[in-house]
Amino acid sequence: MSEQTTIRVDQFLPHPPAKVWRVLTDPDLIGRWLMPTDFAPVVGHRFTFRTEPRPAQGFDGIVHCEVLDLDPHRLLRWAWRGGPLDTVVTWTLVAEGRGTRLFLEHAGFDPDDPLQQRTAALLGGGWRSHVWRRLTQTLDAIPT
């Protein structure tokens, strides 16, 4: 297995940045495409995501997060701590034509920790397929 310290996803979405931003920052909408949360778009706000525990990965099902940075319609960064992970998720939105180029970066996986490397591989697959598909479905389902 190759060492992975960062997951990167780059996708064009045929929706304006304001709509993409709404899906990334509205807790009810986040719950549709990611996990239930008590997120608020305020730097310093602490929030959680809750999902199925994965004892084999040392994960109790709770991701503890904190909003680290935000620039409306452009950038959202949060700490992502769960199980052995202490990582950072960054969303960058770039207007492109009539849509938005959305970049996801999930960084901070320890290349020397086999458990974190397995977790990075699992999360990378999830971010690229399941999560992205659900994010797109949520965008398509809400009005502009």
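The structure displayed is predicted, hence computed values, not measured ones.

Chemist: What is the right way to look at the sheet that holds strand β6 (residues 99–107) in this model?
Modeler: In sheet architecture, strand pairing relies on hydrogen bonds along the backbone and comes in two forms, parallel and antiparallel. Judged by pairing direction, the sheet is antiparallel, and its six strands sit side by side in the order β1-β6-β5-β4-β3-β2 without closing on themselves. Since the sheet does not close on itself, it has two edges, and those belong to β1 (6–13) and β2 (46–50), each with one partner. Sheet twist, expressed as the mean angle between neighbouring strand axes with direction ignored, is 20°. For strand β3 (residues 62–71) and strand β4 (residues 75–82), the ladder comprises seven bridges, and the chain directions are antiparallel. Across the sheet, the residue bridging to D69 is R77, located in β4. Its contacts with the sheet place helix α1 (residues 17–25) against β1, β3, β4, β5 (85–96) and β6, and it is angled at close to 160° to β5. Helix α3 (residues 114–141) rests against β1, β4, β5 and β6 of the sheet, and its axis sits at about 15° to β1.

Chemist: Would you take a moment to explain the packing of aromatic side chains for this structure?
Modeler: Within a pair of aromatic rings, the relevant descriptors are the distance that separates the centres and the angle that separates the planes. Counted under the stated rule, the structure contains eleven aromatic pairs. Measuring from ring centre to ring centre gives 5.7 Å for F49 and W80, while their planes differ by 40°; the resulting arrangement is tilted. Of this pair, F49 sits in strand β2 while W80 is found in strand β4, placing the two residues 31 residues apart along the sequence. Judged by its relative accessible area of 4%, W80 is buried. Here W80 and W127 contribute two aromatic rings whose centre-to-centre distance is 5.7 Å and whose plane-to-plane angle is 55°, an arrangement assigned as tilted. With W80 in strand β4 and W127 in helix α3, this pair connects stretches of sequence that are 47 residues apart. These aromatic residues form a ring-pair network of at least three members: W33, F39, F47, F49, W78, W80, W91, W127 and W132.

Chemist: Mind showing me how you'd approach the environment of V88 here?
Modeler: By the element assignment, V88 lies in strand β5. Distance in space between the C-alpha atoms of V88 and I30 is 17 Å, their sequence separation being 58 residues. When residues no more than four places from it in sequence are discounted, the contact partners of V88 are L68, R77, W78, A79, W80, E105, H106 and A107.

Cut-offs applied
- Residues numbered from 1 in each chain as written.
- Predicted model: local features only at pLDDT ≥ 70, side-chain atom pairs only at ≥ 80, totals over all residues.
- Heavy atoms only, no water.
- Pairing = 2+ DSSP bridges.
- Helix = DSSP H or I, 4+ residues; strand = E, 2+ residues; numbered from the N terminus.
- Axes fitted to C-alpha atoms, helices over the stretch in contact; angles between N-to-C directions.
- Contact = heavy atoms within 4.5 Å.
- Phe/Tyr/Trp six-rings, centres within 6.5 Å; stacked < 30°, edge-to-face > 60°.
- Buried < 20%, exposed > 50% of the residue type's maximum accessible area, 1.4 Å probe, protein only.

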